[in-house]
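If you want the building blocks of each chain, they are given just below.
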Amino acid sequence: MALTVDNFIKLANFYNSTAKVMSAICVNKGGIAMENYVGRFFAADVLEFVVEYGQRLLKSEKEIDANVVSVIERFQAQFEHVRNLTTPSQKPIYEMTLEEFEKVMNI
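Figured I'd write up the structure that's included with this text. (Residues numbered from 1 in each chain as written. Predicted model: local features only at pLDDT ≥ 70, side-chain atom pairs only at ≥ 80, totals over all residues. Heavy atoms only, no water.)

**What about the overall build of the protein chain?**
For step 1, the next point in the chain: Counting its secondary structure elements, the protein chain contains four helices and zero strands.
For step 2, the next point in the chain: For the protein chain, the N- to C-terminal ordering of α and β elements is α-α-α-α.
For step 3, the next point in the chain: Taking 13 Å as the expected radius of gyration for a compact globule of 107 residues, we find that the protein chain reaches 17 Å, considerably beyond that expectation.
For step 4, the next point in the chain: Its C-alpha atoms give the protein chain principal-axis dimensions of about 50 × 45 × 20 Å.
For step 5, the next point in the chain: Out of the 107 residues in the protein chain, the part that is buried amounts to 25%.
For step 6, the next point in the chain: Within the protein chain, residue pairs in contact and separated by at least 24 positions form 66% of the contacts whose partners lie at least 6 positions apart.
For step 7, the next point in the chain: Charged side chains of the protein chain number 11 positive and 14 negative; the gap between the two group centres comes to 6 Å. (Helix = DSSP H or I, 4+ residues; strand = E, 2+ residues; numbered from the N terminus. Rg over C-alpha atoms; globule rule 2.2 N^0.38 Å. Buried < 20%, exposed > 50% of the residue type's maximum accessible area, 1.4 Å probe, protein only. Contact = heavy atoms within 4.5 Å. Lys, Arg positive; Asp, Glu negative; His and termini not counted. Charge placed at Lys NZ, Arg CZ, Asp CG, Glu CD.)

So this is what it looks like as structure tokens:
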């Protein structure tokens, strides 16, 4: 995926749509809190991806509109609140300690 503002906007729209659907599901399930909805982990992963894409876009040598920069900053601030919900990145097996490997393999 080429780093473009258009692609960032598509990703941001996908995240916003996901948040709307999650909200509707929570209401439909009897008004459960978003913090208790199991889909919050997926949403946190999507937000992490959007933020990372935005950071890479900022680091690119392209000139970016100030409005897009402010959206990236808002997503970054929002991500700080859900950082602990993201799926952890897994180390390759050859970099794991024996203890880490046993935990991954459920030994």
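Following the structure, the description resumes.
**Some thoughts on a nonpolar patch on the surface**
For step 1, the next point in the chain: Side chains of Val104, Met105 and Ile107 sit close together on the surface and give an oily, nonpolar patch of about 310 Å² of accessible area.
For step 2, the next point in the chain: With respect to the helices and strands, isoleucine 107 occurs in the segment after α4 (98–105).
For step 3, the next point in the chain: Since its relative accessible area comes to 70%, isoleucine 107 is described here as exposed. (Patch = residues over 30% accessible without salt bridge, like charges linked within 9 Å, V, L, I, M, F, W, Y side chains within 5 Å. Areas by Shrake-Rupley, 256 points an atom, 1.4 Å probe, with all protein chains shown as cover. Salt bridge = Lys/Arg side-chain N within 4 Å of Asp/Glu carboxyl O.)

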